[in-house]
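Results of the structural survey
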Amino acid sequence: MNRPPPAVLQTPGFPHYGLAWSPFHSTRIALASSANYGLVGNGRLHIVSLGPGPAGMPGLSLDKFYETQDGLYDVAWSEIHENQLVSASGDGSLKLWDIMINDLPIRAWHEHTREVFSVDWSNINKDQFISSSWDGTVKLWTPDRPRSITTIHAHPSCVYQALFSPHQPDVVATCSTDGTLKIFDLRAPTYATSGPGSNNFTTPLTAAALIVPASGTEVLTLDWNKYRPFVLASAGVDKAIKVWDCRMVQLGPEAAQNPAVGGACETQLMGHELAVRKIQWSPHRADMIASAGYDMTCRVWTTAPPPGGKHLVYIHDPHTEFVIGCGWSLYEEGVLASCSWDCRLNVFRV
């Protein structure tokens, strides 16, 4: 079956770290990038449009870009303002941009003490977003306040990603260097009791409603299933994508007093040859998940293959460097974008 080639946009000198499709405009994508692979130097936020290209094939065009002093690691569109988006930066800052305004952000926050690795806007409490950082914390923000609303001391080490539940307000999942996936109830912030070998006085951790021992090594990415509440996927250095049933989680104030450890692993999806850097469940299908990895591929999987069929549905392999980000179009089923350290954004149909 001959598939059309992907629509491609190149951003020379600026390898990519993350992408986000606009929830308001079906063809608009934001792209977070960093010079020198994010190790040192400045960043760029690109605003990209998908439209008709040569010979009637879809093409990508760069609408505008913003320069930042430090590398950008993630980006999320506002759920309340069609022209606004927030970026996560290597210098610990978050910046709110309005694409009708050139050059400068309209607001900036700087509370994290290390790199901000992820940012996510709530699709339920649409005036809130969260950030996660190498400093071990997750912070809850609203665009009109100068300071964060809440800080969760989520993990003793880097929090690679924090995401709001798409089903329950005030519920957040995190993943970390420490190999765990955690679920927090923002309405019940209390500190965890000290375990053996931990000192709550110097390094207090916020009590999680559920801790999932997801891997023996770093968990780099997670996502909530959009159709099955409390089903999540995680992936990372161990190359496996694991699907977790976390419906046993107890929420509310009682939960934080005796946090559960658990989560049943429903499915393991094996096939990536190196670490998996990003996963995202389809917004249109409960069984479909995309992944991006250091093996230079973006893959699509089903958790419910037909009898005798395979979990792996599709491999997209034109990238020539680590594939760091992937994201499904929110409007058009089966359209996926991938971004990479090869400075290419690809949009293709699965």
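Each remark here, short or long, concerns the structure printed above.
The structure contained in this document is the topic of the report that follows.

Some details on the layout of surface pockets
The computed volume of the largest pocket comes to approximately 780 Å³. Taken together, 32 residues form the lining of the largest pocket, with D120, W121, K226, Q280 and L330 sitting closest to its centre. Taken together, the residues that form the lining of the largest pocket break down as 20 nonpolar, six polar and six charged.

Things to note about a nonpolar patch on the surface
Together, Y37, L39 and V40 make up an exposed nonpolar region whose accessible area comes to about 340 Å². When its relative accessible area of 74% is taken as the criterion, L39 is described as exposed.

Details of the packing of aromatic side chains
A complete count under the given rule lists 14 aromatic pairs for this structure. An aromatic cluster is defined as three or more aromatic residues linked by ring pairs; in this entry it consists of Y17, Y73, F117, W134, Y160, Y294, F322 and W341. When the ring centre of F65 is taken as origin, the NZ or CZ atom of R44, which lies over that ring, is 4.1 Å away.

Some points on the sheet that holds strand β16 (residues 180-185)
Ordered in space as β14-β15-β16-β17-β21, the five strands form an open sheet in which the pairing is mixed. Edge positions in the open sheet fall to β14 (159-164) and β21 (260-261), since each of these has one partner strand only. As paired strands, β16 and strand β17 (residues 210-213) are joined by four bridges and run antiparallel to one another. Following the sheet pairing, L181 is matched in β17 by V212.

Regarding the pattern of salt bridges
All told, the structure shown has 14 salt bridges when counted by the stated rule. For the salt bridge of D287 with R285, the shortest nitrogen-to-oxygen distance reads 2.9 Å. Classification of R285 as partly exposed rests on a relative accessible area of 34%. The partner of D342 in a salt bridge is R344, and the shortest N-O contact between them spans 4.0 Å. By relative accessible area, D342 is classed as buried at 9%. Take R344: its relative accessible area is 28%, and that puts it in the partly exposed class. Among the charged side chains, a salt-bridge network with shared partners connects D170, D185 and R187.

With respect to the sheet that holds strand β22 (residues 264-269)
The pairing of strands in a sheet comes from backbone hydrogen bonds and takes either a parallel or an antiparallel form. What the four strands build is an open sheet, ordered β18-β19-β20-β22; its pairing is antiparallel. Strands at the two margins of the open sheet, each flanked by one partner only, are β18 (219-224) and β22. In this sheet, adjacent strand axes meet at a mean angle of 25 degrees when their direction is disregarded.

Regarding the nonpolar core
Membership of the largest hydrophobic core comes to 27 residues, with the highest contact counts inside it found for L181, I183, V212, L222, W224, L232 and C246. If you list the elements that add at least two residues to this core, you get β14, β15 (171-176), β16, β17 and β18. Tallying contributions element by element places β18 first for this core, with four residues. By size, the runner-up hydrophobic cluster in this structure holds 14 residues, among which are A7, W21, L50 and V335.

Some remarks on the environment of P58
With respect to the secondary-structure elements, P58 resides in strand β5 (residues 58-68). Taking the C-alpha atoms as reference, P58 lies 6.0 Å from A7; in sequence the two are 51 residues apart.

Let's talk about the pairing of strand β27 (residues 323-328)
For β27, the buried fraction is high: six of the six residues fall into the buried class. Note: β27 against strand β28 (residues 335-340), five bridges, orientation antiparallel. When the bridges of β28 are listed, C326 appears paired with S338.

Describing the pairing of strand β24 (residues 288-293)
Burial of β24 is extensive: six of the six residues sit out of reach of the surface. Alignment of strand β23 (residues 276-281) against β24, held across five bridges, turns out to be antiparallel. Note on β24: the bridge partner recorded for I279 is S291. Here β23 folds back onto β24 in antiparallel fashion, the turn holding six residues.

Considerations on empty space enclosed by the protein
In total, this model carries two cavities of 30 Å³ or more according to the counting rule given. Within this model, the largest cavity holds a volume of roughly 210 Å³. Lining of the largest cavity is provided by 16 residues; of these, Y17, Y73, F117, R277 and K278 occupy positions nearest its centre. Of all the elements in the fold, those that place two or more residues in the lining of the largest cavity are β2 (16-21), β6 (72-77), β10 (116-121), β14, β18, β23 and β27. Considered class by class, the residues forming the lining of the largest cavity number eight nonpolar, five polar and three charged.

About the cut-offs
- Residues numbered from 1 in each chain as written.
- Predicted model: local features only at pLDDT ≥ 70, side-chain atom pairs only at ≥ 80, totals over all residues.
- Heavy atoms only, no water.
- 1 Å grid on protein atoms, 1.4 Å probe; cavity = no way out; pocket = protein on both sides within 12 Å on 5 of 7 lines; lining within 4 Å.
- Points joined across faces, edges and corners; volume = space filled by probe spheres on them.
- Nonpolar A, V, L, I, M, F, W, Y, C, P; charged D, E, K, R; others polar.
- Patch = residues over 30% accessible without salt bridge, like charges linked within 9 Å, V, L, I, M, F, W, Y side chains within 5 Å.
- Areas by Shrake-Rupley, 256 points an atom, 1.4 Å probe, with all protein chains shown as cover.
- Salt bridge = Lys/Arg side-chain N within 4 Å of Asp/Glu carboxyl O.
- Buried < 20%, exposed > 50% of the residue type's maximum accessible area, 1.4 Å probe, protein only.
- Phe/Tyr/Trp six-rings, centres within 6.5 Å; stacked < 30°, edge-to-face > 60°.
- Lys NZ or Arg CZ within 6 Å of the ring centre and 35° of its normal.
- Pairing = 2+ DSSP bridges.
- Helix = DSSP H or I, 4+ residues; strand = E, 2+ residues; numbered from the N terminus.
- Axes fitted to C-alpha atoms, helices over the stretch in contact; angles between N-to-C directions.
- Core = buried A, V, L, I, M, F, W, Y, C linked by side-chain atoms within 4.5 Å.

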